[in-house]
Every structure is written in C-alpha cells, then in structure tokens.
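Structural description and commentary
The residues making up each chain are set out below.
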Amino acid sequence: MGAAMRRIHVGNALSAFGLGFTVPYLYVYVAQVRGLGSVTAGLVLAVFAVAALTVLPFAGRAIVRRGPLPVLLVALVTAALGALSLGLSASATTVLLSAAALGAGQAVMQPALATMIVDCSTTETRSRAFAMQFFLQNLGLGVGGLIGGHLVDTSKASSFTLLFAIEAAMFLVLVAVMATVRAPRAPRVEEAPGQSAGGSWKQLLGNRAMVQLCVLGFVLFFACYGQFESGLSAYGVEAAGISTSALGTALAANTLMIVVAQFAVLKFVERRKRSRVIASVGLIWAVAWAVAGYAGLGHGSQAMATAAFISTYALFGLGEALLSPTLAPLVADLAPTGLAGQYNSAFALVKQLALAIGPAVGGPLGASLHAPYIVAFTLISLGITVLAVRLGRQLTDVQNQPSLARSRVVTQGRAPADAVAAAEA
C-alpha cells in the first residue's frame, strides 16, 4: 500500500468517524432537543437524500474534468460548514439549509474517494483496496456512534453542538490529510481519444453491462440498506416485539460481522467470478429474510425471536462483506479511460435513489403488513441472484474474474517446462 493509498484510507476512516458521531442522533436533535417536531426532523432526513440526488449528476462531470482531489476538498469544506451550522441552528429554515450543505458534501465524498482509490490501485489490488475502505468505514461509523452516544445529553443542546463541531473538525482534518496526497494523474475525459464531455452520460447509458450493474445495485441497496433503519426495524418492533436495546445489538452484530469477516472472505472473492459472488449474496439475504420471518411470524419464545432478528442483521453483514470487494472494483473496470469519476458518481446516484425509495416503501410494509413484507423481500433477494447471473453474461472473462488476467500473464511470461528441458538437452 503506497503513501497515497494510506492517506485515502485514513480519510475514509475519519469521514466515517465524523458521520458516526451525528447520524444516529440527528432525528432526536431536531425533533426534541431543538423542539422543531417530528415533521421537521423527517424533512431533514429527506433533504439529505434530495441534496445528494441533486449534486451527484454534476459531481461526476466535475471529477472527470478537474480530478477527484479538488472536488473532494470542496465537498469536505461544504460538509464541515453544514455540520457546524447544523449544530448551531435553532430554526427550521437554518436546520434545513445546513442539512442540505452537509448532505451534498457527504454525497460527493463517496465517488471522489472511490475515484482516488481507482487511480491509486491496479486491477490486481483494487478488490483489496475497496475491502479496506469498507472495513474502515464501518469501523469508523461504529466507533463514532459509540463515543457520540456517551457525549450526548438530550437535556443540553450544547452537547449536540459539541458533536457537530467534532464532526466539522474531522472534515477539516481530512482536508489537511487529503491535501498532501500525491495520487497518480489519471487521464481526464479531454485527454482520452474519442471521448467528449457532452457524450459521457450517453456513452454510459449505452454500456449494457453498466446499465445492468446499476439496476442490480439499485435492488441490492433497496433490499439491504434501504430497510435497515426503516422497514426491517419497524418489522422487528411491531411483529417480533424487539426492544430498542436489542435493535441496537442487531446493528452492532451487523458491523461486527463486517469487521470480522471482511478479510476472511477476500481470498474467496478474489478467486471467483464476481457475478457468482453477487448471486451468492442474493441467496444469503434470502436466508436472512427467512430468519427474520421466523422472528416475527414464528411461535417461538421472545428470546428465540430476538436471537433470530440479530442473526438477520449478521447475515446481511456477511453479504455486505462479499459485496465490498466486488461492486466498486467492477464499476471501475467497466469505466472507459478517464471516466471513472462519471461511473462512480452514477453508481452513487443509484445508491442514493435506493436509499430514498427503500424506507418509503419498506417502512409502511414492515410496520403493518408483516407477512407480505417478508415474502416480498425474500423474492427480491432471489431476484438479486437472477440479475447477477444475467450480468455475468455481459462481462468479459477478465471483468468477471480479474485473477484470470494474472494467470494469463504468468502463462505467457514462462516457457513450458518440457520446452526448457528440450532446449537444455
């Protein structure tokens, strides 16, 4: 791992640590501490999604034209200002404007950092680099949330102001860290032969493999992240009688599974076709939804229901650990020269759409229609497997299994043993 990649990973960890400080407590802060009510708190969460969906289409073009580092620095400063302003806001208007700035900055960080990882890695090292990124993000979110939970006091607005100030400080520290990165200069769209800035989106939509990957990505994020804090948690509370403390334990089990399993599954992932790895995630998640069905619809004890619900989140974590070294490197390998930023932004946009629609659909279903909710998302998970198999047919052998490129280089670079022996004779 080079110096540039080490700084990028430090940046991922710091940004996740800062977000972990505030994201779990945002609703409580707006609705109760500032006394702005549940409607305003809900609007704040919606503003995060709207801001991300607004800026991401432009972020891709900016990364392609200017490079990921300048775009990242602007996003970090914007997010720092939004976080600090949010901690000081007392009216609905300033809270919403601050949330928009924080949400926009946070959204642009993702494709910018992903593009920097692409620029600083090779096809052979990319899966490991993105696995490390995902590991550090989850570790940072978990540690940040744990420390933040011990600092907040709902009776003191100043304690939340401190949280947001720490988050802003993390973003500014990250500015200082990332400003020292000397990443390899990747070709920009103007330098790539046959590429034009105006036709980049058209070219992306003409890439059948990328379009299928975006559809698959939407379903993946919709069925997993879009349900964690909405439909699945509502189902757990209403159908399975899960307590809030048990829900917190389930989320911790998800993070723990990722931290423990991430590098254990990496060798498994690197030796297999990416489409088959994603297909296996669909099967694992189908089992997870079946276990959740037992937790809420079975007739076991409360202890068994709680254990099953926690196991559901752990199984989701195993699937996430398999996806992290698979999806992002595949997006990079599908991108033409100089357009990695465009493709990363498009995939981030798909993720944000899934995260915006997922809670709106899953929340009401999980809270009231328990059996249809489980059946629907079990079928959706099986649909992931079908979509992954179809995607595999659109990929080249090396795109689907990068290890083949290494084995071919070794084969071509060495003379056959019998030919060597004959020459020596």
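Just above sits the structure.
Summary of the structure given here. Bear in mind the structure is a predicted one, so any value in this text is a computation, not a measurement. (Residues numbered from 1 in each chain as written. Predicted model: local features only at pLDDT ≥ 70, side-chain atom pairs only at ≥ 80, totals over all residues. Heavy atoms only, no water.)

1. Section: the side chain of S345
Structurally, S345 is set in helix α17 (residues 340-368). Classification of S345 by relative accessible area gives buried; the value is 1%. Ignoring sequence-local partners within four residues, the contact set of S345 consists of L56, A59, G60, I63 and P111. (Helix = DSSP H or I, 4+ residues; strand = E, 2+ residues; numbered from the N terminus. Buried < 20%, exposed > 50% of the residue type's maximum accessible area, 1.4 Å probe, protein only. Contact = heavy atoms within 4.5 Å.)

2. Some points on the nonpolar core
Counting 111 residues, the largest nonpolar core has M210, L213, L220, L232, W285 and F309 as its most contacted members. Residues in contact with F309, not counting those within four places in the same chain, are L232, S233, Y235, G236, I242, L247, A250 and A295. One finds A52, L56, A107 and L349 within the second-largest nonpolar core, a separate group that totals 5 residues. (Core = buried A, V, L, I, M, F, W, Y, C linked by side-chain atoms within 4.5 Å.)

3. A look at the environment of S324
On the secondary structure map, S324 appears in the loop between α15 (302-323) and α16 (327-334). The class for S324 is buried, based on a relative accessible area of 10%. Distance from S324 to I258, taken between C-alpha atoms, is 9.8 Å for residues 66 residues apart in sequence. Among all residues touching S324, those that are not within four sequence positions of it are F130, A131, F134, Q262 and P329. Here Q262 takes part through its side chain, which lies 2.8 Å from a polar atom of the side chain of S324. Among the polar contacts made by the side chain of S324, one reaches the main-chain carbonyl oxygen of A321 at a distance of 3.3 Å. (Polar contact = N/O pair within 3.5 Å; in protein donor to acceptor, adjacent residues only side chain to side chain.)

4. With respect to the environment of A286
Inspection of the secondary structure assignment puts A286 in helix α14 (residues 274-297). With a relative accessible area of 9%, A286 lands in the buried category. Each C-alpha atom, one on A286 and one on I374, is 9.5 Å from the other, the two residues being 88 residues apart in sequence. Not counting chain neighbours up to four residues away, the residues in contact with A286 comprise T378, S381 and L382.

5. Examining the pattern of salt bridges
Pairs can form between side chains of opposite charge whenever their charged atoms are close. Applying the stated criterion across every chain yields a total of 3 salt bridges. R126 is paired through a salt bridge with D333; the nearest N and O atoms lie 2.9 Å apart. In this pair, R126 is assigned in helix α6 (residues 126-151) and D333 in helix α16, connecting sequence segments 207 residues apart. The class for R126 is buried, based on a relative accessible area of 9%. In this structure, E270 and R128 form a salt bridge, with 3.4 Å as the shortest nitrogen-oxygen distance. Of this pair, E270 sits in helix α13 (residues 266-270) while R128 sits in helix α6, placing them 142 residues apart in sequence. With a relative accessible area of 18%, E270 lands in the buried category. We classify R128 as partly exposed; its relative accessible area is 38%. Salt bridges linked by common partners bring R126, R274 and D333 together as one network. (Salt bridge = Lys/Arg side-chain N within 4 Å of Asp/Glu carboxyl O.)

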